[in-house]
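Next come the chains, spelled out residue by residue.
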Amino acid sequence: MATALGQEGTRRPARPFIVQVAALRKAIGTSRHEHRDGIINGLAAVGVVVPDGSVTDVDLELTSDPGGITAQGVVKAPWTSECRRCGGPVSGMVEADVRERFAPTTGRYADEDAYPLTGDEIDLEPLARDAVLLGLPLAPLCREECRGLCPVCGTDLNESPCTCQPAGDPRWSALDALRDPPA
Ligand SMILES: [Zn+2]
Ligand SMILES: [Zn+2]
């Protein structure tokens, strides 16, 4: 079998997400556990990426029925981005619950909303790709209480306040003294 060199230097099968389902389809109503992982490059949403070379993990229960295969389980992948407030690095894991169908593309059981079942083979990669893209965060924060950058001077307000902030501006202290005369 052809192999490709993975990120960690281990040999990986060239098509890690292809699953043969002939036996499963012969015994309608049976299930099989499939755990695959592999590299899916080019996974990215607006400002959030799954770094090229990182491993997407697919853990599914496959169940056959007369019309095809149902796949249910979890898809996991790491992501990196920039905090939408301060621009600092953020990272995390997508853990997407999936329940999807694979069905023939032609004939009596054809289902154009399902992933394709080609002969007795299914490819879990499109399912994994869709699940990861849907699961990526839209506008991640480095932490919930991130103060972000000052829009005027660009100071990282997590590290120190800046003089653009009205509360910290010494020019206002005289006015404050007039408004609130000492008792
Ligand atoms: Zn931040
Ligand atoms: Zn400032």
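Refer to the structure above for everything that follows.
Numbering of residues begins from 1 in every chain and follows the order in which that chain's sequence is written. For this description, chains carry letters from A and ligands carry numbers from 1, given in the order in which they are written. Reporting in this predicted model follows two pLDDT cut-offs: at least 70 for local features of residues, and 80 or more for side-chain atom pairs to be given and counted; totals over whole chains, interfaces and linings ignore these cut-offs and use all residues. For side-chain calculations, the full set of non-hydrogen atoms in the structure is used, while hydrogens and water are omitted.

Enquirer: Hey, could you run me through the packing of aromatic side chains in this one?
Expert: Aromatic rings in a pair are described by how distant their centres are and how their planes are angled relative to each other. By convention, a stacked pair of Phe, Tyr or Trp rings (six-membered ring in the case of Trp) has centres within 6.5 Å and planes under 30 degrees apart, an edge-to-face pair has planes over 60 apart, and any other such pair is tilted. According to the stated counting rule, one finds 1 aromatic pair in the structure shown. Between Phe 102 and Tyr 115, the aromatic rings sit 5.5 Å apart at their centres with planes inclined by 35 degrees, giving tilted as the arrangement. On the criterion of sequence distance, the pair formed by Phe 102 in strand 9 (residues 89-103) and Tyr 115 in strand 10 (residues 115-118) is long-range, its members being 13 residues apart. For the purposes of this entry, the term helix denotes a DSSP run of H or I that reaches at least four residues, the term strand denotes a run of E that reaches at least two, and both are numbered from the N terminus.

Enquirer: Sorry if this is basic, but what is going on with the coordination of the zinc ion (ligand 1) here?
Expert: Each angle at a metal carrying four tetrahedral donors should ideally be 109.5 degrees, and each at a metal carrying six octahedral donors should ideally be 90 or 180 degrees. Here the coordinating atoms are restricted to nitrogen, oxygen and sulfur within 2.8 Å of the metal centre, or 3.2 Å for Na, K and Ca, and because water is not among them the sites may look incomplete. All of the protein donors around the zinc ion (ligand 1) are Cys 83 (SG), Cys 86 (SG), Cys 142 (SG) and Cys 146 (SG); their distances to the metal are 2.3 Å. Donor angles set the geometry label: tetrahedral for four donors if every angle is between 85 and 135 degrees, square planar for four and octahedral for six if opposite donors exceed 155 degrees and the others are between 65 and 115, irregular for anything else. In this structure, the zinc ion (ligand 1) is surrounded by 4 donor atoms whose angles at the metal cover 106 to 112 degrees, and the resulting shape is tetrahedral. Along the chain, the residues donating to the zinc ion (ligand 1) fall in the pattern C-x2-C-x55-C-x3-C. Each member of the pair, Cys 83 together with Cys 86, is buried. Remark: exposure states derive from per-residue accessible area (1.4 Å probe, protein chains only) relative to the maximum for the residue type, with buried under 20%, exposed over 50%, and partly exposed in between.

Enquirer: Sorry if this is basic, but what is going on with the coordination of the zinc ion (ligand 2) here?
Expert: Around the zinc ion (ligand 2), the protein contributes the donor atoms Cys 150 (SG), Cys 153 (SG), Cys 162 (SG) and Cys 164 (SG), which lie 2.2 to 2.4 Å from the metal centre. The site at the zinc ion (ligand 2) holds 4 donor atoms, and with the angles between them running 104 to 114 degrees, its shape is tetrahedral. On the primary sequence, the residues serving as donors to the zinc ion (ligand 2) are separated as C-x2-C-x8-C-x1-C. Remark: Cys 164 occurs in the loop between helix 2 (125-135) and helix 3 (173-179) and Cys 153 occurs in the loop between helix 2 and helix 3; sequence separation between them is 11 residues.

Enquirer: Would you mind going over the pattern of salt bridges with me for this structure?
Expert: When their charged atoms lie close together, side chains carrying opposite charge are able to pair. Each salt bridge in this description consists of a side-chain nitrogen of Lys or Arg and a carboxyl oxygen of Asp or Glu lying within 4 Å of one another. In this structure the tally under the stated criterion is 7 salt bridges. Linking Arg 36 and Glu 34 is a salt bridge whose minimum nitrogen-to-oxygen distance equals 2.9 Å. The partner of Arg 101 in a salt bridge is Asp 65, and the shortest N-O contact between them spans 2.8 Å. Separated by 36 residues along the polypeptide, Arg 101 in strand 9 and Asp 65 in strand 7 (residues 55-65) bring together distant segments of the chain. The exposure class assigned to Asp 65 is partly exposed, which follows from its relative accessible area of 22%. Salt bridges sharing partners connect three or more residues here, namely Arg 32, Glu 34 and Arg 36.

Enquirer: Looking at this structure, how should I read the side chain of Ser 64?
Expert: Within the element layout of this structure, Ser 64 appears in strand 7. Using a relative accessible area of 3% as the deciding quantity, one classes Ser 64 as buried. Within 3.5 Å is the distance limit for a polar contact, defined as a pair of N or O atoms, with the added protein rule that one can donate a hydrogen and the other accept it, and that residues adjacent in sequence qualify only through two side-chain atoms. A distance of 3.2 Å separates the side chain of Ser 64 from the backbone oxygen of Ala 27, its partner in a polar contact. Ignoring any residue separated from it by four or fewer positions in sequence, one finds Ser 64 in contact with Leu 24, Arg 25, Ala 27, Ile 28, Gly 29, Thr 30 and Ile 69. It only takes one pair of heavy atoms within 4.5 Å for two residues to be counted as in contact.

Enquirer: Looking at this structure, I do not really get the environment of Asp 59. What am I missing?
Expert: Looking at where Asp 59 falls in the secondary structure, it is placed in strand 7. Residue classification places Asp 59 among the partly exposed positions, given a relative accessible area of 27%. Along the sequence, Asp 59 and His 35 sit 24 residues apart, while their C-alpha atoms lie 4.5 Å from each other. Dropping the residues within four chain positions of it, Asp 59 is found in contact with His 33, Glu 34, His 35, Gln 72, Gly 73 and Val 74. Within the structure, Asp 59 has its side chain in polar contact with the side chain of His 33 (distance 2.4 Å).

Enquirer: What should I look at first to understand the pairing of strand 7 in this one?
Expert: Regular strands show a simple pattern: their side chains alternate between the two faces of the sheet. When DSSP finds two or more bridges between a pair of strands, those strands are recorded as paired. One ladder, built from 9 bridges, connects strand 4 (residues 31-39) with strand 7; its direction is antiparallel. Bridging across to strand 7, Arg 32 finds its partner in Leu 62. Two successive antiparallel strands, strand 7 and strand 8 (residues 68-82), enclose a turn made up of 2 residues.

Geometric values such as these leave the question of function open.
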